[in-house]
Amino acid sequence: MRPEICLNRCILEMRLDGHEFDTIAVALAECAVEMLVAAGFREAALDGGIEEVVDAMWGHAARLRRHHPAARPRLTLVQGLKP
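Residues numbered from 1 in each chain as written. Predicted model: local features only at pLDDT ≥ 70, side-chain atom pairs only at ≥ 80, totals over all residues. Heavy atoms only, no water.

A. Highlighting the packing of helix α2 (residues 21-38) against helix α3 (residues 43-67). In the contact formed by α2 and α3, the axes pass within 10 Å of each other and the chain directions differ by 135 degrees. The orientation of α2 with respect to α3, classified from their angle, is oblique. When you trace α2 past α3, the crossing you get is right-handed. Taking contact as the criterion, the partners of Ala 32, Val 33, Leu 36 and Val 37 in α2 are, on α3, Leu 46, Gly 49, Ile 50 and Val 53. Class assignment of the residues belonging to the contact of α2 with α3 gives a composition of 7 nonpolar, 1 polar and no charged. (Axes fitted to C-alpha atoms, helices over the stretch in contact; angles between N-to-C directions. Helix = DSSP H or I, 4+ residues; strand = E, 2+ residues; numbered from the N terminus. Parallel < 35°, antiparallel > 145°, perpendicular 65-115°, else oblique. Left-handed = near helix turned anticlockwise from the far one by under 90°. Contact = heavy atoms within 4.5 Å. Nonpolar A, V, L, I, M, F, W, Y, C, P; charged D, E, K, R; others polar.)

Quick look at the structure:
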């Protein structure tokens, strides 16, 4: 199975288990650092690797926002209803 599919399933399971987005973000950050360390990144290389990951995340988020703007809720006035 492709890694991104595994990651998507993991995130989906965390959401279904009721975890909030901040908890999921921390879990992803911890995994990213652990993967860099497992790949041999140490000291200055680890710091640089973390910066690269963060920059890539910001860049990807910007691209996603450009192509998939956040949905805006539509409010509809319903006449004739009493509060």
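Here the narrative resumes.
B. Up close: a negative patch on the surface. On the surface, a cluster of negative charge is contributed by Glu 43, Asp 47, Glu 51, Glu 52 and Asp 55. If you trace the backbone, Glu 51 turns up in helix α3. (Patch = residues over 30% accessible without salt bridge, like charges linked within 9 Å, V, L, I, M, F, W, Y side chains within 5 Å. Areas by Shrake-Rupley, 256 points an atom, 1.4 Å probe, with all protein chains shown as cover. Salt bridge = Lys/Arg side-chain N within 4 Å of Asp/Glu carboxyl O. Lys, Arg positive; Asp, Glu negative; His and termini not counted. Charge placed at Lys NZ, Arg CZ, Asp CG, Glu CD.)

C. Summary view of the packing of aromatic side chains. Applying the stated criterion across every chain, the model contains 0 aromatic pairs. The ring of Phe 21 has Arg 15 lying over it, and the distance from NZ or CZ to the ring centre is 4.0 Å. (Phe/Tyr/Trp six-rings, centres within 6.5 Å; stacked < 30°, edge-to-face > 60°. Lys NZ or Arg CZ within 6 Å of the ring centre and 35° of its normal.)

D. Here's a closer look at the state of the cysteines. According to the stated counting rule, one finds 0 disulfides in the structure shown. Free cysteine: Cys 10, not disulfide-bonded; nearest cysteine sulfur from Cys 31 at 6.8 Å. What makes Cys 10 partly exposed here is its relative accessible area of 39%. Of the residues examined, Cys 31 reaches a relative accessible area of 38% and is grouped as partly exposed. (Disulfide = S-S within 2.5 Å. Buried < 20%, exposed > 50% of the residue type's maximum accessible area, 1.4 Å probe, protein only.)

E. Broad picture of α2. Between its first and last C-alpha, α2 extends 26 Å over 18 residues, near the 26 Å set by a 1.5 Å rise per residue. Following α2 by one or two positions, Gly 40 adopts a phi angle in the positive range, close to 105 degrees. (Expected span 1.5 Å × (residues − 1).)

F. Spatial organisation of unusual backbone geometry. Its identity is not glycine, yet Glu 43 carries a phi of approximately 45 degrees, on the positive side. Residue placement: Glu 43 occurs in helix α3.

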